[in-house]
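Each chain, written out:
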Amino acid sequence: MPRFDDLQIFVRTAERGSLSAAARELELSPAVASAALKRLETELDVRLFARSTRSLRLTAEGELYLAHARAALQSLDDGRQLLAGGKSEIAGNFQVSAPSDFGRNVLLPWLDEFQALHPRMSLRLLISDRQADLYRQPVDVAFRLGLPGDSNLVALPLAPDNRRVLCGSPEYFARHGKPRHPDELQRHNCLLYMLGGRAHERWRFSDSRRQHEVTVHGDRLCDDADVVRRWAVAGHGLVYKSWLDVAADVHAGRLEVALANYLGEATPMNLFCTHRAQLSRAVAQLREFVQLRCAELMHERPWS
C-alpha cells in the first residue's frame with residue numbers, strides 16, 4: 001500500500017512540474033522527495049515521470065494514476081475532518097476552472113459566498129475559455145458550457161436547460177433596429193468569440209417549424225468571451241451567448257434580448273471531474289450551492 005507522504009509528493013510534483021519546487025513547498029530535501037517518488041514507482045511497478053536533466057513530465061501511467069492519487073488524498077482528508085468533528089466543514093485546497101465570462105461575472109461572487117461559509121478552504125481559480133485539461137492541470141473540478149467532449153469525464157448537471165440568446169444594447173437597437181428573423185442577422189454587426197479554437201460564426205435558432213442556421217459576420221473577434229459581452233454592452237453589435245452569462249445585463253437593462261420567439265442553441269452548464277472518486281463532500285456542496293444560484297437565474301429565462 002503506497003504511503004500517504006509518497007502520494008502527497010507525487011501529486012505536488014505533478015502539479016508544480018518540478019520535484020525541487022514540490023520539495024520546497026512540503027519542506028523536504030530534494031533527496032527525500034526523490035526517494036519518495038522512487039519508492040512509489042517501485043510499489044506500483046511503473047514509471048510515473050519521464051525525467052531528463054532539464055524537464056520532468058508525467059508518463060501516460062502517471063497521468064492515469066494522478067486522478068486516483070488526488071482522490072485518495074482527498075478521501076483521507078475527509079476522514080480526518082469527520083473524526084475531528086468537522087462534518088459540515090470544508091478545509092484544504094480546492095482548485096476550480098471556469099470559462100471567462102461565467103467565471104468572472106457570475107461564478108466569482110458565488111465562490112466568495114461559498115468560501116465565506118467555509119473559511120478553512122483555500123481556493124485556486126483558473127479562468128480561461130480554453131478548456132482545462134483535467135488530467136494534466138492541477139484542477140479538481142471544471143465548470144463548462146455545452147455537452148461533454150470527453151466521454152471519460154464525469155459530468156454533474158448544474159443548469160441543463162441553459163441556452164444561448166441573442167442580445168444587443170438599447171443604444172444599438174435604437175440605431176439599427178431589432179432583427180425579427182434569423183436571416184436578418186446578415187445585415188447586423190455580430191460580435192464573435194472563439195469556440196474550440198475557431199470563430200463561433202454559425203448561429204443556430206429553432207422555432208416550432210424548422211431549424212435556422214446563419215453564418216454571421218462582424219468587425220470584432222476575441223478569444224475571451226467576456227470581452228465580446230462588454231463590446232455588446234457598449235453598443236458595438238449583437239452577441240449570441242449563454243443566458244447565464246448575460247442574465248445580469250438583461251435584468252439591469254444594459255442588454256435586451258432579440259428573437260425571443262426563437263430558441264437558441266442548448267448550452268447546458270455542467271461541473272466536470274475526471275473520476276467519481278473525486279466526488280468529495282466539497283464537490284457535492286459546491287455543486288448544490290452553484291446549482292441553486294443557477295436555478296435563480298434560469299427562473300427569469302426569456303423562453304418557456
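What you are looking at is a predicted structure, and each value in this text was computed from that prediction instead of being measured. Numbering of residues begins from 1 in every chain and follows the order in which that chain's sequence is written. Side-chain atom pairs in this predicted model are given and counted only at pLDDT of 80 or more, local residue features only at pLDDT of at least 70, and totals for whole chains, interfaces and linings cover all residues. Side-chain metrics rest on all non-hydrogen atoms present in the structure, leaving aside hydrogens and water.

(A) Layout of the overall build of the chain. Each helix corresponds to a stretch of at least 4 residues labelled H or I by DSSP, and each strand to a stretch of at least 2 residues labelled E; elements are numbered beginning at the N terminus. For the chain, the helix and strand inventory stands at 9 helices and 16 strands. For the chain, the spread of C-alpha atoms along the principal axes amounts to about 70 × 45 × 35 Å. Relative accessibility under 20% of the residue-type maximum defines a buried residue, over 50% an exposed one, and the middle range a partly exposed one, all with a 1.4 Å probe and only protein chains included. Among the 304 residues that make up the chain, the fraction classed as buried is 47%. Two residues form a contact once any of their heavy atoms are found within 4.5 Å. Taking contacts inside the chain between residues at least 6 apart in sequence as the whole, the part at least 24 apart equals 74%.

(B) Focus on helix α8 (residues 243–252). For α8, the full list of buried residues reads W243, L244, D245, V246, A247 and D249. Whenever two N or O atoms come within 3.5 Å, that pair is a polar contact, provided that in protein one can donate a hydrogen and the other can accept it, and provided that, for residues adjacent in sequence, both atoms are side-chain atoms. Where α8 begins, the capping side chain belongs to S242, and its oxygen is found 3.1 Å from the backbone nitrogen of L244. Looking one or two places after α8, you find G253, whose phi comes out positive at around 85°.

(C) The sheet that holds strand β11 (residues 211–215), seen in detail. Overall, antiparallel pairing links the 3 strands, which are arranged β11-β10-β15 in an open sheet. Each having just a single partner strand, β11 and β15 (263–264) make up the two edges of the open sheet. Here, any two strands with at least 2 DSSP bridges between them count as paired.

(D) Looking closely at the sheet that holds strand β7 (residues 164–168). Strand order in the open sheet formed by 3 strands is β13-β7-β14, with antiparallel pairing between adjacent strands. Each of the sheet's edge strands pairs with one partner strand only, and the pair in question is β13 (239–242) and β14 (256–258). Averaged over all pairs of adjacent strands, the angle between their axes in this sheet comes to 50°, without regard to strand direction. Where β7 lies against β13, 4 bridges are found, and the strand directions are antiparallel. By the bridge assignment, L166 is partnered in β13 with Y240. Where helices are involved, their axes are fitted lines through C-alpha atoms of the stretch in contact, as for all axes, and angles between N-to-C directions lie from 0 to 180°.

(E) Fine view of helix α5 (residues 100–117). Between its terminal C-alpha atoms α5 stretches 24 Å, which fits the 26 Å expected from 18 residues at 1.5 Å a residue. Helix geometry: α5 is bent most strongly at L107, by close to 55°, with proline P109 lying one to four residues after it. A helix's residues, less one, multiplied by 1.5 Å, set its expected span. Bend angle per residue: angle between axes fitted to the 7 residues ending at that residue and the 7 residues starting there.

(F) Seen up close, the side chain of K241. Residue position: K241 is located in strand β13. For K241, a relative accessible area of 2% puts it in the buried group. Side-chain polar atoms of K241 contact the side chain of D101, separated by 3.4 Å. Setting aside residues up to four positions removed in sequence, K241 forms contacts with D101, R163, R164, V165, Y193, A225, R229 and V246.

(G) A look at the pairing of strand β3 (residues 92–98). Extensive coverage of β3 is indicated by the burial of 5 of its 7 residues. As defined by bridge partners, β3 adjoins strand β4 (residues 121–127) across 7 bridges and the pair is classed as parallel. Bridge pairing links G92 to M121 in β4. As a crossover connection, the stretch from β3 through α5 into β4 is right-handed. When the strands point away from the viewer and the path from the first strand over the helix to the second turns clockwise, the crossover is right-handed.

(H) Geometry of the environment of Q211. Looking at the secondary structure, you find Q211 in strand β11. In sequence terms Q211 and D112 are 99 residues apart; their C-alpha atoms lie 40 Å from each other. When residues no more than four places from it in sequence are discounted, the contact partners of Q211 are F205 and S206.

(I) Layout of the packing of aromatic side chains. Within 6.5 Å between ring centres, the rings of Phe, Tyr and Trp (the latter by its six-membered ring) count as paired, and their orientation is classed by plane angle as stacked under 30 degrees, edge-to-face over 60, tilted in between. One pass over the structure, following the stated rule, counts 8 aromatic pairs. Linked through ring pairs, F10, F49 and Y65 together constitute an aromatic cluster. Over the aromatic face of F272 sits the side chain of R144, whose NZ or CZ is 5.5 Å from the ring centroid. When the ring centre of F173 is taken as reference, the NZ or CZ atom of K178 above it lies at 5.3 Å. As a reminder, the over-ring test applies to NZ of lysine and CZ of arginine, requiring each to be within 6 Å of the ring centre and within 35 degrees of the ring normal.

(J) Just the nonpolar core, in detail. L107, W110, F143, L286 and V290 are the most contacted members of the largest nonpolar core, which totals 45 residues. Looking at which element gives the most residues to this core, the answer is helix α9 (residues 281–298), with 8 residues. When sequence neighbours within four positions are dropped, the list of residues in contact with F143 reads V96, S97, A98, P99, F102, L107, L158, M269, N270, L271, L286 and V290. For the purposes of this section, nonpolar cores are sets of buried Ala, Val, Leu, Ile, Met, Phe, Trp, Tyr and Cys residues that join through side-chain atoms within 4.5 Å. The next biggest cluster of nonpolar side chains, apart from the first, holds 18 residues, and it includes L7, F10, A14 and A23.

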